[in-house]
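Architecture at a glance
So you can see what is in the structure, the chains are spelled out below.
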Amino acid sequence: MVRQQFSESIQWIVVGFIATMSLLFLFPPDFLLAKQFSGFAIHWMFICLILGIVSLFIGNEKFMHTGFLSSGIIAFYLMNSFNTDLRLANFNNSNAITVLFANLTLGDDNEEKTLSSLYLKDADVIVIEELTPDQAQLLTRLKARYPFQLSFPRVDPLGKAVLSKLNFINQNTTEIHGIPVLHVQFANDSKDSFNLIVSNCLPPITMSSYQNVSFFLDSLATLIAGEYKNTIVAANFNLVPWSRELRNFRVKAGLISSRRDNTEGSSNTKAFGILNTPNNEIFYSKELECSMFHVVNDSKSQQLGLYGRYQRRSFFEKK
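Residues numbered from 1 in each chain as written. Predicted model: local features only at pLDDT ≥ 70, side-chain atom pairs only at ≥ 80, totals over all residues. Heavy atoms only, no water.

With respect to helix α4 (residues 61–79)
Residues spaced three or four apart along an α-helix point in a common direction, a consequence of the helix completing one turn every 3.6 residues. With 19 residues, α4 should reach 27 Å at 1.5 Å per residue; the first-to-last C-alpha distance of 26 Å fits that figure. The complete set of buried residues in α4 reads Phe63, Met64, Thr66, Gly67, Ser70, Ser71, Ile74, Tyr77 and Leu78. Among the residues of α4, the N-terminal cap falls to Asn60, whose side-chain oxygen and the backbone nitrogen of Lys62 are separated by 3.2 Å. (Helix = DSSP H or I, 4+ residues; strand = E, 2+ residues; numbered from the N terminus. Expected span 1.5 Å × (residues − 1). Buried < 20%, exposed > 50% of the residue type's maximum accessible area, 1.4 Å probe, protein only. Polar contact = N/O pair within 3.5 Å; in protein donor to acceptor, adjacent residues only side chain to side chain.)

Notes on the pairing of strand β2 (residues 125–129)
Burial analysis of β2 places five of its five residues in the buried class, the great majority of the element. Residue alternation in β2 divides its side chains into two sets, Val125, Val127 and Glu129 and Ile126 and Ile128, and both sets are buried. Two elements, strand β1 (residues 97–103) and β2, share five bridges in a ladder whose sense is parallel. The partner of Ala102 across the bridge, within β2, is Ile128. The parallel pair β1 and β2 is bridged by helix α5 (residues 111–120), and the resulting crossover is right-handed. Two elements, β2 and strand β4 (residues 160–164), share five bridges in a ladder whose sense is antiparallel. Across the sheet, residue Glu129 finds its bridge partner in β4, namely Lys160. (Pairing = 2+ DSSP bridges. Right-handed = clockwise from strand over helix to strand, strands pointing away.)

Focus: the pattern of salt bridges
One pass over the full model with this rule turns up six salt bridges. Of the charged contacts, one joins Arg145 and Asp122 as a salt bridge, the two residues approaching to 3.4 Å between their closest N and O atoms. Here Asp122 lies in the loop between α5 and β2 and Arg145 lies in the loop between α6 (133–139) and β3 (148–152), a separation of 23 residues in the sequence. Asp156 serves as the salt-bridge partner of Arg154, at 2.6 Å between the closest nitrogen and oxygen. Asp156 gets classed as partly exposed once you look at its relative accessible area, which sits at 24%. Where salt bridges share partners, they join Asp122, Arg145 and Lys165 into one cluster. (Salt bridge = Lys/Arg side-chain N within 4 Å of Asp/Glu carboxyl O.)

Section: the sheet that holds strand β5 (residues 168–176)
Pairing within the open sheet is mixed, and its six strands lie in the order β5-β6-β7-β8-β10-β9. The open sheet has two free edges, formed respectively by β5 and β9 (255–257), since each of these has just one partner strand. Averaged over all neighbouring strand pairs, the angle between strand axes comes to 20°, with direction disregarded. As defined by bridge partners, strand β7 (residues 193–200) adjoins strand β8 (residues 231–236) across six bridges and the pair is classed as parallel. Looking at the pairing, Leu196 lines up with Ile232 of β8. Sitting on the sheet, helix α7 (residues 207–227) is in contact with β5, β6 (179–187), β7, β8 and β9, with an inclination near 155° to β5. Across the sheet, helix α8 (residues 244–253) lies against β9 and β10 (280–285), angled at about 130° from β9, the strand it touches most. (Axes fitted to C-alpha atoms, helices over the stretch in contact; angles between N-to-C directions. Contact = heavy atoms within 4.5 Å.)

Some thoughts on the sheet that holds β4
Here six strands make up an open sheet; going across it, the order is β3-β4-β2-β1-β12-β11 and the pairing mixed. Edge positions in the open sheet fall to β3 and β11 (288–297), since each of these has one partner strand only. Ignoring strand direction, the axes of neighbouring strands in this sheet form an average angle of 15°. Here nine bridges tie β11 to strand β12 (residues 303–312), and the two strands are oriented antiparallel to one another. Bridge pairing links Asn297 to Gln303 in β12. Sheet strands in contact with α5 are β1, β2, β11 and β12, and its direction is about 20° off that of β12.

Topic: the side chain of Glu129
Within the secondary structure, Glu129 is located in strand β2. In this structure Glu129 is buried but unpaired, with Lys160 as the nearest side chain of opposite charge at 7.7 Å. Beyond its immediate stretch of four places on either side in the chain, Glu129 contacts Phe101, Ala102, Asn103, Gly159, Lys160, Asn200 and Asn236. (Lys, Arg positive; Asp, Glu negative; His and termini not counted.)

With respect to the packing of helix α3 (residues 41–58) against α4
At a minimum axis distance of 7 Å, the contact between α3 and α4 shows a crossing angle of 150°. Taken together, the axes of α3 and α4 are roughly antiparallel relative to one another. As α3 runs across α4, the sense of the crossing is left-handed. Across the interface between the two elements, Ala41, Ile42, Trp44, Met45, Cys48, Leu49, Leu51, Gly52, Ile53, Ser55 and Leu56 from α3 touch Phe63, Met64, Gly67, Phe68, Ser70, Ser71, Ile74, Ala75 and Leu78 from α4. (Parallel < 35°, antiparallel > 145°, perpendicular 65-115°, else oblique. Left-handed = near helix turned anticlockwise from the far one by under 90°.)

Considering the nonpolar core
Proteins that are soluble and globular tend to have nonpolar side chains buried together. Membership of the largest hydrophobic core comes to 25 residues, with the highest contact counts inside it found for Val127, Val162, Phe186, Leu196, Ile232 and Tyr310. Breaking this core down by element, the ones donating at least two residues are β1, β2, β6, β7, β8, β10, β11 and β12. Judged by nonpolar contacts, the second largest core, of 22 residues, contains Tyr228, Phe249, Leu255 and Phe283. (Core = buried A, V, L, I, M, F, W, Y, C linked by side-chain atoms within 4.5 Å.)

Observations concerning a nonpolar patch on the surface
A cluster of nonpolar residues, Leu49, Ile50, Ile53, Val54, Leu56, Phe57, Ile58 and Phe68, forms a patch on the protein surface that exposes about 780 Å² of accessible area. Accessibility expressed as a relative area gives 44% for Val54, which makes it partly exposed. (Patch = residues over 30% accessible without salt bridge, like charges linked within 9 Å, V, L, I, M, F, W, Y side chains within 5 Å. Areas by Shrake-Rupley, 256 points an atom, 1.4 Å probe, with all protein chains shown as cover.)

This is how it looks when you write it as structure tokens:
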């Protein structure tokens, strides 16, 4: 009897541990280790699912219910971190614009070949992140097709550039809490104006850097919500989509994710590719809709970036 009670107590301790860990993955406290481990929420979700399946076969109801319930709650929470309501709009607007958001350092090809492959995509706007001074010199070769260029090369990963077929109405480079932000406003042939915001952050590795990223995102969201309409944000904040910082940014700025789930726009076709969560993203404001979104690869099938087509929602189109 004592042994049975001891075994029962151990099971309840394990149940409490699983439930606590699940909550910590979703709502990490302001501790560095907890925030870093929250990036493995998808892995923990599958561990809970496997626990539930195994417990189902061995007849342990406590572990079965705990595993399935934890897995379901995490899945629901993660699902709402993406744009699960996204239904790609019909391409019925000839005034839609296409945006290619790429990183020249991600592929296996050399930079000149990579740039040529991006050139062949013939997007209206090309956004380059992590632009170095050497790469900035290569961009001048695209002047014939992309005469309007705004470059901000740096030796650290915070460099960036915007190459456009469309004339710039306005352009500026600012720093918010030490992080550079590019803003370009341009108009299509129908004189509809669009605002493009480009920014990225270094990976946060300390609590201080997490706080700095949070302050930056709050300030950037306030700026976007207060001043810009028809906004497209090409960004890599090095945060998982379900992080509190990024979720608050999207809500405060009124932005929508182009991804429907963590595999949207992913080129990883391996068995465990679903466990990988890319950090680069193209957000867009509620006045716009997405009619195309896919990954861009190099000649060796390595991901270079994202390609999206965006147009005015019919409700917001000019009458």
